[in-house]
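# Observations on chain architecture
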Amino acid sequence: INPATQNSAFLASSKLPYALPDGTAVEITTASRCDVAEVYFGNDEHNVNERERVLDETMAALEEYENEIEEFVAAEREDEEENNEARQRGPTAGVVGGDGG
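Computed from a predicted model, the values in this text were never measured in an experiment. (Residues numbered from 1 in each chain as written. Predicted model: local features only at pLDDT ≥ 70, side-chain atom pairs only at ≥ 80, totals over all residues. Heavy atoms only, no water.)

### Regarding the environment of D44
Worth spelling out the cut-off: Segments assigned H or I by DSSP are reported as helices when at least four residues long, segments assigned E as strands when at least two residues long, and all are numbered from the N terminus. Pairs of N or O atoms within 3.5 Å make up the polar contacts considered here, provided that, within protein, one atom can donate a hydrogen while the other can accept it, and that residues adjacent in sequence are counted only when both atoms are side-chain atoms.
Along the chain, D44 falls in the loop between helix 4 (36-41) and helix 5 (45-89). Within the local environment of D44, its side chain forms a polar contact with the backbone nitrogen of H46, the two atoms lying 3.2 Å apart. Separated by 2.6 Å, the side chains of D44 and N47 make a polar contact.

### Quick look at helix 5
Convention followed: Expected helix span is given by 1.5 Å per residue-to-residue step, counting one fewer step than there are residues.
Over its 45 residues, helix 5 extends 66 Å from the first C-alpha to the last, a length consistent with the 66 Å expected when each residue adds 1.5 Å. Its side-chain oxygen at 3.2 Å from the backbone nitrogen of H46, D44 defines the N-terminal cap of helix 5. Looking one or two residues past helix 5, G90 carries a phi angle of roughly 95°, positive in sign.

### Things to note about the pattern of salt bridges
Here is the rule: Any Lys or Arg side-chain nitrogen found within 4 Å of a carboxyl oxygen on Asp or Glu counts as a salt bridge. Exposure categories follow from relative accessible area, calculated using a 1.4 Å probe and restricted to protein chains: below 20% of the type maximum is buried, above 50% is exposed, and the middle band is partly exposed.
As enumerated under the stated definition, the model contains two salt bridges in all. Of the charged contacts, one joins E50 and R53 as a salt bridge, the two residues approaching to 2.4 Å between their closest N and O atoms. Of the two residues, E50 and R53 are both situated in helix 5; the distance of three residues between them amounts to about one turn of the helix. A salt bridge links R53 to E57; the nearest nitrogen and oxygen atoms lie 2.5 Å apart. A residue pair is termed a helical-turn pair when its members lie 3 or 4 positions apart in one helix, as R53 and E57 do in helix 5 at four residues. Here R53 falls in the partly exposed class, since its relative accessible area comes to 37%. What emerges from the salt-bridge pattern is a single network uniting E50, R53 and E57.

Okay, structure coming up:
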């Protein structure tokens, strides 16, 4: 069920004029425009379940990407911290015969 059709404010919203290819002018409500998915894909149990499955898979993939990004950022921060520590030790740190800074 389209939530737009359950909300009277949504149903009372303005209509937008459209011209059909034959020149006929029509006005379509906001609620009708939001029904496109239900009209195109169906509002039966199978299609609703399929949309929910695809949404769940998409959300899982996005969470995986988010985790990968967080891991990448954390690794970059660690590398940056190591580089800063190396710079603070000076150029002779770790060099044979150097005084270590």
